[in-house]
There are 2 protein chains.
Amino acid sequence: MNLSNHREKSIVVKKFGGTSVGSVDRIEGVAQRIVQDIESGQQPIIVLSAMSGETNRLIRMASEVNPNYRGRAYDMLLASGEQVSISLLAMALEKRGYSAKPLLAYQIGIKTSAIFSNARIQSIDTKKIQSVLDAGEIPIIAGFQGLTGEDITTLGRGGSDTTAVAIASALNSTVCEIFTDVPAIFTADPRIVKKAKELKQLSFEEMMEMASLGSKVLHYRSVELAAKFGVKIHLRSTFEQREGTWVVPEGETMEAPVVSSVTHDPSIAIIKIFPLPWNEGFMADLFFELSEKNVVVDIITQSHNEEGQRLAFSVSESDVPRALEIVNKLKPETSNVDVMKEVTKISAVGVGMKNHTGVAARFFKTLYAKNIPIHLVTTSEIKMSAVVAKKHLVEAANALHTEFGLDQ
Amino acid sequence: MNLSNHREKSIVVKKFGGTSVGSVDRIEGVAQRIVQDIESGQQPIIVLSAMSGETNRLIRMASEVNPNYRGRAYDMLLASGEQVSISLLAMALEKRGYSAKPLLAYQIGIKTSAIFSNARIQSIDTKKIQSVLDAGEIPIIAGFQGLTGEDITTLGRGGSDTTAVAIASALNSTVCEIFTDVPAIFTADPRIVKKAKELKQLSFEEMMEMASLGSKVLHYRSVELAAKFGVKIHLRSTFEQREGTWVVPEGETMEAPVVSSVTHDPSIAIIKIFPLPWNEGFMADLFFELSEKNVVVDIITQSHNEEGQRLAFSVSESDVPRALEIVNKLKPETSNVDVMKEVTKISAVGVGMKNHTGVAARFFKTLYAKNIPIHLVTTSEIKMSAVVAKKHLVEAANALHTEFGLDQ
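Residues numbered from 1 in each chain as written. Chains lettered and ligands numbered in written order. Predicted model: local features only at pLDDT ≥ 70, side-chain atom pairs only at ≥ 80, totals over all residues.

Quick word on the overall build of chain A
So, step 1. What chain A contains, in helices and strands, is 11 helices and 18 strands.
So, step 2. Radius of gyration (C-alpha) of chain A: 23 Å, near the 22 Å computed for a compact globule of 408 residues.
So, step 3. Summarising its shape, the C-alpha atoms of chain A cover approximately 75 × 50 × 35 Å along the three principal directions.
So, step 4. Counting all 408 residues of chain A, 47% fall into the buried class.
So, step 5. Counting contacts in chain A only where the partners sit at least 6 residues apart, residues at least 24 apart contribute 75% of the total. (Helix = DSSP H or I, 4+ residues; strand = E, 2+ residues; numbered from the N terminus. Rg over C-alpha atoms; globule rule 2.2 N^0.38 Å. Buried ≥ 20, exposed ≤ 12 C-beta atoms within 10 Å, placed from the backbone. Contact = placed C-beta atoms within 7 Å.)

Now the structure itself:
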């Protein structure tokens, strides 16, 4: 893969995820793979996540101290995970005779916004990375972390993807390789839909929808950034040599099927409040406070009859306790609150929807034919989502996969 | 304890060791203790070690990658341990309503020499610490780490003690509190010598001898630094409120007993090489290479008879494999190498030795009376050490403890 910057050696930013560096053995494997790439003429720049399990271990300790705290100390705590993985990989490369320099955010000036745990990258000092390359060293960069003033920030779960894309873009690379434990992105979760196929290509827009629909494969903002700066993402397996899925600008996709994938987010819940008197203040207060407490609300519906308004919204299952605390604090005494668990959101995504009508009709008809009740619905230009009972997930996903021609 | 700088609140540097912050519960306990100190009018500056077990976990991973590597990446790896403990303590203090700022070496400019894993502190930017205090925040400083250029260095095992003393000295504090899991320094190891007593005071010089004799209570360089800058060290228990042992300038000790303590280093071994032809080059090469490979040689003896020279030296037991590798590489083919394990070094320490003669005679006579053979001997102005078989340790330690009047 020859990049456009016409250096003697092509610079390629490669990001390895948590499972790829999940043990010392796997770190050795990554080192081996990097050595092969160097021997085949590449000049790699490495970005790492923390060893899998490590971030969770740190979060667990933080929760024991204070489950509600977010801020400077929390971000400094979490950022230690990447410090461990980059140090170990640098050692593994040195052992193989390659000089490697582990680099933390402060060393390459990754400046971010001041929002702890969800910071956005603002700038990166490429001169520093370039000087490491010029010294003949392999830069091994801690993903997920940045700096606001002198304090460490983190970019949110999966943020190392964003670090990698930001570095590729800052260096004018046209490609960023993201190595993970799956070989590609599929038309559906193969554990649910047996006929799911690998996707060779996907547009940025589709990938963003999938990321926001709960696909954990790529960090949402990494795709947003890649789209903005035209950095193609090559998502591929750490454990195999073959190509995976390319995430590219829309015009470059080979074809634009109406629906390119059927995805689902298994861990959601619906919170219903009824009856509500007409009161604009309540809704504003509620959704403001939910967002303040980092509860992400996905679908919101509102209806009313003579008895009053009815509000329903979906949140991720793990956020239910925090959401309920806020709801119960703010709601009128006369309102009842009902939580619906054991539901899942199933979605069809495809840029082709822009040019095709009747997708919604086919979507509803498919679920209706299977007798699957729909509890909430939401759509965008390129996706259609419905919340259904978990027990219907497999049947619904397979039926939609077939209906939209993804089985072939 | 009022310090000499006459601020409204007295600044006290307090260092908590690995066992003091060994779990989330213990970190909560440390936070509680700090809150009490603040409420009693102190302005604490906290220095922490990594949670106990954490540094060993990191070293284990590093050894799996490359047991012989020391350098930049290794130090960055190890420094992550303190990053975790200071973040968690800051969170625990915030939970209690106190603003606390976790600080890494780069944030307060702890500049060191460029010797990785054994760096020496050169300067500290006290303006930064002062500005944190001025902002009403409690500085929670990562011990053990420093910076050379932009790279993280570490100060060697136990280096957090040195960080604490260096900060106290930089801030012109006259006292540095070191909290640990023992209540005081004893006249001997209470597990070995039943009649061992707590020491109220000890001179810097005696403490340095004890540290270099294998006492793990204080980092050698921290005592050296404290002596140089006249910072008294108050060594005390994290788990009790009472006073422990004060380490102070010699003139300030209440009395100067001939021997203030009997200590031992259980994990040593003697390596003997015989016969050696007269060859200055071999000795120079051997001890140069041992030091290059970080093998600390303690006692060296050399003798010769008509068959050739005889060399014996002691190293810590864990260094035997590395030491033997070097010996076998360099020694003449005709020399034999013999390793004596299961030995221990027992020492009597006391500044009073300077003014008393006959200590060596009493020392030898005591062991001789018990029929305990001595394999190597070394002395300094204030200590006398002998290497004996481990099986004689308890008997030798108790006999010396009694002989030098420490039982009362």
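Here we look at the interface of chain B and chain A
So, step 1. Tallying the contact residues gives 27 residues for chain B and 27 residues for chain A.
So, step 2. In terms of residue count, the dominant contributor to the side of chain B that touches chain A is helix α3 (residues 72-95) of chain B (14 residues).
So, step 3. Residue composition of the side of chain B that touches chain A, grouped by class: 18 nonpolar, 5 polar and 4 charged. (Nonpolar A, V, L, I, M, F, W, Y, C, P; charged D, E, K, R; others polar.)

Let's talk about the pairing of strand β12 (residues 245-248) of chain B
All names here are of chain B.
So, step 1. The two faces of β12 match: T245 and V247 on one face and W246 and V248 on the other face are all buried.
So, step 2. As paired elements, strand β10 (residues 201-203) and β12 share 3 bridges and run parallel to each other. By the bridge assignment for β12, S203 is matched with V248.
So, step 3. Pairing analysis gives 3 bridges linking strand β11 (residues 232-237) to β12, with the strands arranged antiparallel. What sits directly across from I233, in β12, is V247. (Pairing = 2+ DSSP bridges.)

Overview of unusual backbone geometry
Residues and elements named next belong to chain A.
So, step 1. A cis geometry characterises the amide bond from F274 onward to P275, with omega recorded as -10°.
So, step 2. Its location among the elements puts P275 in strand β13 (residues 261-276).
So, step 3. The phi torsion at S117 lies on the positive side, around 70°, for a residue other than glycine.
So, step 4. Within the secondary structure, S117 sits in the loop between β4 (111-112) and β5 (121-123).
So, step 5. S117 sits in the partly exposed class, given 17 other C-beta atoms within 10 Å.

Here we look at the relation of the copies chain B and chain A
So, step 1. For these two chains of identical sequence, chain B goes onto chain A by a turn of 180° and a shift of 0.0 Å along the axis, with RMSD 0.1 Å. Taken together, the rotation angle and the small translation identify this as a two-fold axis. Residues of chain B ranked by C-alpha distance from the rotation axis are headed by S80 of chain B, positioned 2.7 Å from it.
So, step 2. Looking at the interface residues of chain B, 100% of them are also at the interface in chain A, so both copies use one shared face. (Least-squares fit on C-alpha atoms with pLDDT ≥ 70 in both.)

A word on the domain arrangement of chain A
So, step 1. Domains assigned within chain A are domain 1 (10-181) and domain 2 (262-403).
So, step 2. Computed from C-alpha coordinates alone, the two centres of domain 1 of chain A and domain 2 of chain A are separated by 35 Å. (Domains from an automatic or database assignment.)

Considering the environment of L58 of chain A
So, step 1. Along the chain, L58 of chain A falls in helix α2 (residues 54-65).
So, step 2. Exposure remark for L58 of chain A: the 20 C-beta atoms within 10 Å place this residue in the buried category.
So, step 3. Those residues within four positions of L58 of chain A in sequence are excluded, and the remaining contacts are L77, L78, S80 and G81 of chain A together with V84 of chain B.

Focus: the sheet that holds strand β17 (residues 376-380) of chain B
All names here are of chain B.
So, step 1. A sheet is described by the order of its strands in space; here 6 strands give the open sequence β14-β15-β13-β16-β18-β17, paired in antiparallel fashion. In the strand order of this sheet, the two ends are held by β14 (297-305) and β17, each with one partner. Adjacent strand axes in the sheet meet at a mean angle of 25° when their direction is disregarded.
So, step 2. Looking at chain direction, β14 and strand β15 (residues 308-316) are connected through 7 bridges and run antiparallel. Its bridge partner lying in β15, N305 is registered against G308.
So, step 3. Set on the sheet, helix α10 (residues 359-369) makes contact with β16 (336-349), β17 and β18 (383-389); between it and β18 the angle comes to about 20°. (Axes fitted to C-alpha atoms, helices over the stretch in contact; angles between N-to-C directions.)

Quick word on the sheet that holds strand β17 (residues 376-380) of chain A
All names here are of chain A.
So, step 1. With respect to topology, 6 strands assemble into an open sheet ordered β14-β15-β13-β16-β18-β17, the strand pairing being antiparallel. Looking at which strands have only one partner, the edges of the open sheet turn out to be β14 (297-305) and β17. Adjacent strand axes in the sheet meet at a mean angle of 25°, parallel and antiparallel pairs treated alike.
So, step 2. Along the sheet face, helix α10 (residues 359-369) touches β16 (336-349), β17 and β18 (383-389) and points at about 20° away from the line of β18.

Here we look at the nonpolar core
So, step 1. Within the largest apolar cluster, 250 residues are counted, with the highest numbers of intra-cluster contacts made by L89 of chain A together with L89 of chain B.
So, step 2. Sequence-distant contacts of L89 of chain A, defined by excluding residues within four places in its chain, comprise V21, I27, V30, A31, I46, L48 and I140 of chain A. (Core = buried A, V, L, I, M, F, W, Y, C linked by C-beta atoms within 7 Å.)

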